[in-house]
Amino acid sequence: MSDQNTPTLLDELDKRILQQLQSDASLSNQALAERVHASAPTCLRRVKRMIDEGVIARQVAILSPEKIGLGLTAIVEITLDNQASEQLVAFEKWVVQEPAVQQCYRVSPGPDFVLMIQVADMAAYHVLAHRLFAGQANVRNVRSFFSILRSKFETRLAV
C-alpha cells in the first residue's frame, strides 16, 4: 500500500475505469471491462490494485436526503476561542462522531471549521446545534447557512 499523501500514477486505462466506477460502482467486472475496452481479468486486477493503494477509498450508494426525511442541509462555520492543536483535534473528534455531520473541514483563513450537516428540519437542526455547539466552552462563534436549492451535487472527481 502506498503512502496516503503520495499521488498514485494512473494510466489512461486506470482513468477510464475510475470514470466508469464514479458513475456506477455497481457495474459487474464484465460490464466494466466492456465499457473501458479491456479484458475482464485486467480490469479486475486494476480495480483491486486501486483499492489496495487507496485510490478507490470505498464504494457506496448515494441516497436522496429528501426521500429519507433529511431535507435540510446546513453549512455551518465554527470558530473556536482556543485554536491550539489539541483543541482543534478535540473539537474535530467531537463533531465527526455525529451522524448528521456529513463533512467536516478544517479551514484557513476565517472560521476554524466548516461543517456540512443533513437533518430533517429546522427543529432537528436546533436540537443538534444545541447538543454539538452550545455545550462546548471552546466554541466562540457558530454561523449557519441553510440551503434553499441544491443546483449541483457531485461525487465524481476529474481524473
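Look up a bit, the structure's there.
Residues numbered from 1 in each chain as written. Predicted model: local features only at pLDDT ≥ 70, side-chain atom pairs only at ≥ 80, totals over all residues. Heavy atoms only, no water.

**Q** What should I look at first to understand the layout of surface pockets in this one?
**A** If you roll a probe as big as a water molecule over the atoms, it shows you where there is empty space left. Estimates place the volume of the largest pocket at around 1500 Å³. Elements that contribute at least two residues to the lining of the largest pocket include exactly helix H1 (12-23), strand E1 (72-80), strand E2 (101-106) and strand E3 (113-119). Among the elements that line the lining of the largest pocket, the one with the most residues is H1, at four residues. The residue inventory of the lining of the largest pocket, partitioned by class, reads 21 nonpolar, 10 polar and five charged. (1 Å grid on protein atoms, 1.4 Å probe; cavity = no way out; pocket = protein on both sides within 12 Å on 5 of 7 lines; lining within 4 Å. Points joined across faces, edges and corners; volume = space filled by probe spheres on them. Helix = DSSP H or I, 4+ residues; strand = E, 2+ residues; numbered from the N terminus. Nonpolar A, V, L, I, M, F, W, Y, C, P; charged D, E, K, R; others polar.)

**Q** Got a minute to help me understand the pattern of salt bridges in this structure?
**A** Pairing of side chains with opposite charge becomes possible as their charged atoms draw close. Throughout the structure, instances matching the rule amount to 11 salt bridges. In this structure, Asp14 engages Arg46 in a salt bridge whose closest nitrogen and oxygen atoms are separated by 2.9 Å. Note that Asp14 is positioned in helix H1 and Arg46 in helix H3 (residues 40-52), a separation of 32 residues in sequence. Across this residue pair, the class does not change: Asp14 and Arg46 are buried. Residue Asp52 pairs with Lys48 through a salt bridge whose shortest N-O separation is 2.7 Å. (Salt bridge = Lys/Arg side-chain N within 4 Å of Asp/Glu carboxyl O. Buried < 20%, exposed > 50% of the residue type's maximum accessible area, 1.4 Å probe, protein only.)

**Q** What am I meant to see in helix H2 (residues 29-36) here?
**A** Think of an α-helix as 3.6 residues a turn; residues three or four steps apart then line up on the same face. Inspection of H2 places Leu32, Ala33 and Val36 among the buried residues, and these make up the whole buried set. Considered in projection along H2, the buried side chains sweep an arc of 100° and stay on one side of the axis. Where H2 is buried, its residues contact H1 and H3. Note on H2: the residue one or two positions beyond its end, His37, has a positive phi of about 60°. (Arc of directions from axis to C-beta. Contact = heavy atoms within 4.5 Å.)

**Q** So what exactly am I meant to see when it comes to the packing of H1 against H2 here?
**A** Between two packed helices, what matters for the description is the angle formed by their axes and the separation of those axes. Where H1 contacts H2, the axes come no closer than 10 Å and their chain directions differ by 125°. With respect to H2, the element H1 is oriented oblique. The chirality of how H1 crosses H2 is right-handed. Judged by residue contacts, Leu13, Arg16, Ile17, Gln20 and Leu21 of H1 engage Leu32, Arg35 and Val36 from H2. Its residues assigned to classes, the contact of H1 with H2 shows five nonpolar, one polar and two charged. (Axes fitted to C-alpha atoms, helices over the stretch in contact; angles between N-to-C directions. Parallel < 35°, antiparallel > 145°, perpendicular 65-115°, else oblique. Left-handed = near helix turned anticlockwise from the far one by under 90°.)

**Q** Hey, could you run me through the side chain of Arg46 in this one?
**A** Only 2.9 Å separates the side chain of Arg46 from the side chain of Asp14, close enough to count as a polar contact. If we ignore the near neighbours within four places in the chain, the residues touching Arg46 are Asp11, Leu13, Asp14 and Ile17. (Polar contact = N/O pair within 3.5 Å; in protein donor to acceptor, adjacent residues only side chain to side chain.)

**Q** What is the right way to look at the pairing of E3 in this model?
**A** Regular strands place side chains that alternate from one sheet face to the opposite one. Burial of E3 is extensive: six of the seven residues sit out of reach of the surface. Here E1 pairs with E3 via seven bridges, running antiparallel. From the neighbouring strand, Ile75 faces E3, where its bridge partner is Met116. In this structure, E2 lies alongside E3, joined through five bridges in antiparallel fashion. Directly across from Val101, in E3, lies its bridge partner Ile117. Linking E2 back to E3 in an antiparallel pair, the connection comprises six residues, with Gly110 at a positive phi of about 100°. (Pairing = 2+ DSSP bridges.)

Treat this as a map of the structure, not an account of what it does.
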